[in-house]
Amino acid sequence: ARLKIATSSYQAQRAMIRWTFGQATAAVRGTARTHYGAAAAALCARRFVAAGADAATSKPKTGILMMNLGGPSNAEEVEPFLLRLFSDREIIQLPFQDYLGPMIAKRRTPKIIEQYNEIGGGSPIRTFTEQQGEMLSAKLDEICPETAPHKAYIGFRYAPPLTEDALQEMQRDGVERVVAFTQYPQYSCSTTGSSLNELYRQISKAGLVDRFKWSVIDRWHTHPGLVRAFAKRVREGLASYDKPEDVLLMFSAHSLPMRVVDRGDRYPAEVAETVGRVMDELGRKNRHCLVWQSKVGPLPWLGPQTGDALEGFGKRGIKDILVIPIAFTSDHIETLFEIDLEYGELAEKHGITGFRRCESLNTDPVFIDAMADLVSHHLQSGDACSRQMGLRCPSCVNDDCGRAKQFFAAQPM
């Protein structure tokens, strides 16, 4: 659903947003899927018909492991999700973490459940990832018959289905080759790095070191198809304004603690590269800025923060701002609650009457084509991973990071 905060009463719009997204979520999750779901269901059905015509080809040859943070699909999954998150030392480091992590997760659970209730009762990220995976697999079967059949698997870091669940399913299916495909276009040690470290740990724990032939898509922040997909969404958002040339484009990405940035994490630079490519694609006709959201805790984080930027631009009389979630490819709580609701309310408070967000990429056909092009070229390249993946941060202190990078880079192709 297109969620926009415009000029009328915020509380009335907030209620409308809750209702609209609830309806969209129900439609997407239902068996009679509409809008995004219709395209995914059609491709999925076509794929199953083709598979049924020849049972010998039903066994997937190539697995595409779609790695992401994940999100709780319902209220019951919120506390386990937070427990895994606050127990992960690769993203959050706490004193006495084995004690404080569970305590913080338990205390935050009621508040987070309320936030998910505001957007329909749970995160839609699993639904969108499933649809993306089905559409991607069907497309790959068409353009890469030599590695077909393809099947997408989900390996979330903090919510079901987890990395170990995906490994078990791939083993049962008899998959031969697996592409670990990060759904974070820009690499960070705290996102893609954490997912790859966990994947390596689970592979070792399950005794599957020699079971699959692995390769990794570890970053794709400048892929032309991704850039076109973002630019398409921006153009659609600008079309809703009377004077699109006057709109400020605010690219918002998830922030990082400065201690992570200071270690040499590549994420800020790669996000900036994506923004630059998208602005080039758009012809640089609008003013733009890059801001950072989702700071947690009192320690310094990468800035300027999105909320602070909105306050500052509001004081300077800027009325029309289009927010582009440049580091997120699917809707989840950071887009639907944090941007649409929290920042929408803040924008209204500071007189920004034309505050809107462009739609996320989700299952847009241009985005699906971009993923298929990326994966197909990767499959044909003979590369185990990018050259950049082998480079550890100058001040890296995580031994698992080194072991994981070495394992995946050494895979025979």
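Up top you'll find the structure we're talking about.
Residues numbered from 1 in each chain as written. Predicted model: local features only at pLDDT ≥ 70, side-chain atom pairs only at ≥ 80, totals over all residues. Heavy atoms only, no water.

K.L.:
Which residues make up the packing of aromatic side chains, and what values do they have?
P.N.:
What characterises a pair of aromatic rings is the spacing of the ring centres plus the angle enclosed by the ring planes. Evaluation of the coordinates by the stated rule reveals 8 aromatic pairs. Look at F81 and Y158: their rings are 6.3 Å apart centre to centre, the planes differ by 85°, and that puts the pair in the edge-to-face class. With F81 in helix α3 (residues 78–87) and Y158 in the loop between β2 (150–156) and α6 (163–173), this pair connects stretches of sequence that are 77 residues apart. Neither F81 nor Y158 differs from the other in exposure class; each is buried. (Phe/Tyr/Trp six-rings, centres within 6.5 Å; stacked < 30°, edge-to-face > 60°. Helix = DSSP H or I, 4+ residues; strand = E, 2+ residues; numbered from the N terminus. Buried < 20%, exposed > 50% of the residue type's maximum accessible area, 1.4 Å probe, protein only.)

K.L.:
Please provide a residue-by-residue account of the environment of L361, values included.
P.N.:
Within the secondary structure, L361 is located in the loop between β8 (354–357) and α13 (365–381). We classify L361 as buried; its relative accessible area is 1%. Separated by 32 residues in sequence, L361 and T329 place their C-alpha atoms 5.2 Å apart. In this structure L361 touches L226, A229, F230, R233, T329 and F367, once residues within four positions along its chain are discounted. (Contact = heavy atoms within 4.5 Å.)

K.L.:
Quick rundown of the sheet that holds strand β3 (residues 177–182)? Include the residues and the values.
P.N.:
In space, the 4 strands of this open sheet follow the order β2-β1-β3-β4, with parallel pairing throughout. The sheet terminates laterally at β2 and β4 (213–217), the two strands that pair on one side only. The average undirected angle you get between the axes of adjacent strands in this sheet is 25°. Of the pairings in the sheet, the one linking β3 to β4 comprises 5 bridges and is parallel in character. Its bridge partner being in β4, V178 is matched across the sheet by W214. Packing against the sheet, helix α5 (residues 125–143) makes contact with β1 (62–68), β2 and β3, and its axis sits at approximately 155° to β2. Contacting β1, β3 and β4, helix α7 (residues 192–205) crosses the sheet at an angle of about 130° to β1. (Pairing = 2+ DSSP bridges. Axes fitted to C-alpha atoms, helices over the stretch in contact; angles between N-to-C directions.)

K.L.:
Can you lay out the side chain of D340 for me, pointing to particular residues and giving the numbers?
P.N.:
By the element assignment, D340 lies in helix α12 (residues 333–349). A relative accessible area of 1% places D340 in the buried class. Of note is the side chain of D340, whose polar atom sits 2.8 Å from the side chain of R357. (Polar contact = N/O pair within 3.5 Å; in protein donor to acceptor, adjacent residues only side chain to side chain.)

K.L.:
Describe the nonpolar core, and please don't skip the residues or the numbers.
P.N.:
With 46 residues, the main nonpolar core has F181, L249 and I326 as its most contacted residues. In contact with L249, not counting residues within four places along its chain, are V234, L238, M279, L282, N286, R287, H288, C289, L322 and I324. Residues Y153, V175, Y200 and C385 belong to the second largest nonpolar core, which totals 22 residues. (Core = buried A, V, L, I, M, F, W, Y, C linked by side-chain atoms within 4.5 Å.)

K.L.:
I'd love a proper account of unusual backbone geometry, names of residues and values included.
P.N.:
Cis rather than trans, the peptide bond between A148 and P149 has omega equal to -5°. Mapping P149 onto the fold places it in the loop between α5 and β2. In this structure, the amide linkage connecting P160 to the following residue, P161, adopts the cis form with an omega of -5°. Notably, R284 is not glycine yet its phi reads approximately 50°, a positive angle. Tracing the backbone shows R284 in the loop between α10 (267–281) and β6 (288–293).

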